[in-house]
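The primary structure of each chain is shown beneath.
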Amino acid sequence: MKHLLDISNLTIDEINQIYARASEFEKGIRKSNHINAHVATMFFENSTRTKMSFEMAINKLNANKYDFCAETSSLNKGEDLYDTINNLSAIGVNAIVMRHSDNDLIKELAQKKYYQDVSFVNAGSGTNAHPTQALLDYYTIKKHFLNLDDKIITIVGDIAHSRVAMSNIALLKNFNMKIRCLAPENLIGEKIEGVEYYTNLKDAFENADIIMALRIQKERIQEHIDIDSYIQNYQITKDNLPYAAFLMHPGPINKDIEIASDVLEMQNAKTILNQARNGVFVRMAILDMLLSAQGL
Ligand code: ASP
């Protein structure tokens, strides 16, 4: 594994290896020391959980962490991103954790030649991929269910603009799960083979083992969205959440839009903070594998 760009680049073996390694980090039975590795975070979009948990993971691996700040960098003097990264590589950066609004930029950058080898980790690209989120979601689900056969997951919310949905679908399709997506017609987006699409909450929630809620991503939506009608038809409430269903959300939550506030106090919602916690171990596992592959 040289980069982590997209779920489709991973074999099932690699997914299981990431799971196993994350679990060892969580249990404290694996310790890694990457004292010679230099990892830069480059976030061109806002982030709380992803950025902080990558930073925590880098620290826990004893690697060296550098936060690239686009606003105060020479990008503002007109330097292009490839030249910027090539210079970071010359300075000694071995890995870059990047979030960007462009769907394809990280793949294009990863294909280029640099002063010395650089591993790229996709921390969210546009609307199409957020592989580390999907891997931590898988880790969270698998820790709870052990056997995923025939489990039903309903992903509800702004599917059309969600890189979290895209990466989760790509990952969970490898397992024998039933994947449902629920959204109003204008937030469903392009349909993916093997996924069942619903516009009616009652049908989509029936017998669901996992409900994964998504944020309405106002910053990516051009057209008018009727929030009141969304709340009325799709908000997760104490009444419509299936009993014992595992509730997930990648964060940030728009409280009282996609999920009613009082639901967040229920036992079912404990998972959401566990997703954030598990993100550290999963990101440790990914960086550990990439840095070890570079001999660092
Ligand atoms: N934090 C997730 C992402 O970056 C989900 C969201 O922003 O709604 O894609």
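The preceding data block contains the structure.
Residues numbered from 1 in each chain as written. Predicted model: local features only at pLDDT ≥ 70, side-chain atom pairs only at ≥ 80, totals over all residues. Heavy atoms only, no water.

Along the backbone of the protein there are 9 helices and 9 strands. Against the compact-globule benchmark of 19 Å for 296 residues, the protein has a radius of gyration of 19 Å, which places it among compact chains. Principal-axis analysis of the C-alpha atoms places the extent of the protein at approximately 55 × 45 × 35 Å. Each of the 296 residues in the protein was classed as buried or not, and the buried ones make up 55%. Taking all contacts inside the protein whose residues are at least 6 apart in sequence as the whole, residues at least 24 apart take part in 77%. Of the accessible surface of the protein, which amounts to about 13700 Å², a share of 45% is contributed by carbon and sulfur atoms. Of the charged side chains in the protein, 31 are positive and 37 negative; the average position of the first set lies 7 Å away from that of the second. (Helix = DSSP H or I, 4+ residues; strand = E, 2+ residues; numbered from the N terminus. Rg over C-alpha atoms; globule rule 2.2 N^0.38 Å. Buried < 20%, exposed > 50% of the residue type's maximum accessible area, 1.4 Å probe, protein only. Contact = heavy atoms within 4.5 Å. Areas by Shrake-Rupley, 256 points an atom, 1.4 Å probe, with all protein chains shown as cover. Lys, Arg positive; Asp, Glu negative; His and termini not counted. Charge placed at Lys NZ, Arg CZ, Asp CG, Glu CD.)

Turning to the packing of aromatic side chains, a few remarks are in order. The full count for this structure, using the stated rule, is 8 aromatic pairs. For the ring pair Y19 and Y139, a centre distance of 5.0 Å and an interplane angle of 50° mean the geometry is tilted. Placement of the pair is Y19 in helix α1 (residues 12–27) and Y139 in helix α5 (residues 131–145), with a sequence separation of 120 residues. The exposure class assigned to Y19 is buried, which follows from its relative accessible area of 18%. With relative accessibility at 1%, the residue Y139 sits in the buried group. Pairing Y138 with F175 gives two aromatic rings, centres 4.9 Å apart and planes at 20°, and the pair type is stacked. (Phe/Tyr/Trp six-rings, centres within 6.5 Å; stacked < 30°, edge-to-face > 60°.)

What follows concerns helix α9 (residues 270–293). For α9, spanning 24 residues, the distance from its first C-alpha to its last is 35 Å, which sits close to the expected 34 Å at 1.5 Å a residue. Of all the bends in α9, the greatest, near 30°, is centred on N278. Within α9, 17 of the 24 residues are buried, which leaves the element mostly enclosed by the surrounding structure. Looking one or two places after α9, you find G295, whose phi comes out positive at around 75°. (Expected span 1.5 Å × (residues − 1). Bend = angle between axes of the 7 residues up to and from the residue.)

Moving on, we come to the site of the ligand. Lining the immediate environment of the ligand, one finds R99, H130, R163, V164, R215, G251 and P252. In this structure, G251 approaches the ligand through a main-chain N or O atom, which is 2.9 Å from a nitrogen atom. Within the complex, 92% of the 260 Å² of free accessible area of the ligand lies under protein. Among the residues forming the shell around the ligand, the class breakdown is 2 nonpolar, 2 polar and 3 charged. (Near = heavy atom within 4 Å. Polar contact = N/O pair within 3.5 Å; in protein donor to acceptor, adjacent residues only side chain to side chain. Nonpolar A, V, L, I, M, F, W, Y, C, P; charged D, E, K, R; others polar.)

Now for the pattern of salt bridges. In this structure the tally under the stated criterion is 14 salt bridges. Among the ionic pairs, K51 bridges to D67, the shortest N-O distance being 3.1 Å. Placement of the pair is K51 in helix α2 (residues 49–60) and D67 in strand β2 (residues 64–68), with a sequence separation of 16 residues. When its relative accessible area of 45% is taken as the criterion, D67 is described as partly exposed. Put simply, R180 and E196 hold a salt bridge, and the shortest N to O gap is 3.9 Å. Of this pair, R180 sits in strand β6 (residues 178–182) while E196 sits in strand β7 (residues 195–198); the two residues are 16 residues apart in sequence, bridging distant segments of the chain. For R180, a relative accessible area of 9% translates into the label buried. Here the salt bridges share partners, and the residues they tie into one network are R21, E24, R30 and D288. (Salt bridge = Lys/Arg side-chain N within 4 Å of Asp/Glu carboxyl O.)

Before going further, it helps to spend a moment on the pairing of strand β8 (residues 210–213). Residues in a regular strand point their side chains to alternate faces of the sheet. The alternating pattern of β8 places I210 and M212 on one face and I211 and A213 on the opposite face, and all of these are buried. In this structure, strand β5 (residues 152–156) lies alongside β8, joined through 4 bridges in parallel fashion. Counted as the bridge partner of I153 is I210 from β8. When β8 meets strand β9 (residues 246–248), the two strands line up parallel, connected through 3 bridges. Across the sheet, residue I210 finds its bridge partner in β9, namely F246. The β-α-β motif built from β8, the intervening helix α8 (residues 227–234) and the parallel element β9 has right-handed crossover chirality. (Pairing = 2+ DSSP bridges. Right-handed = clockwise from strand over helix to strand, strands pointing away.)

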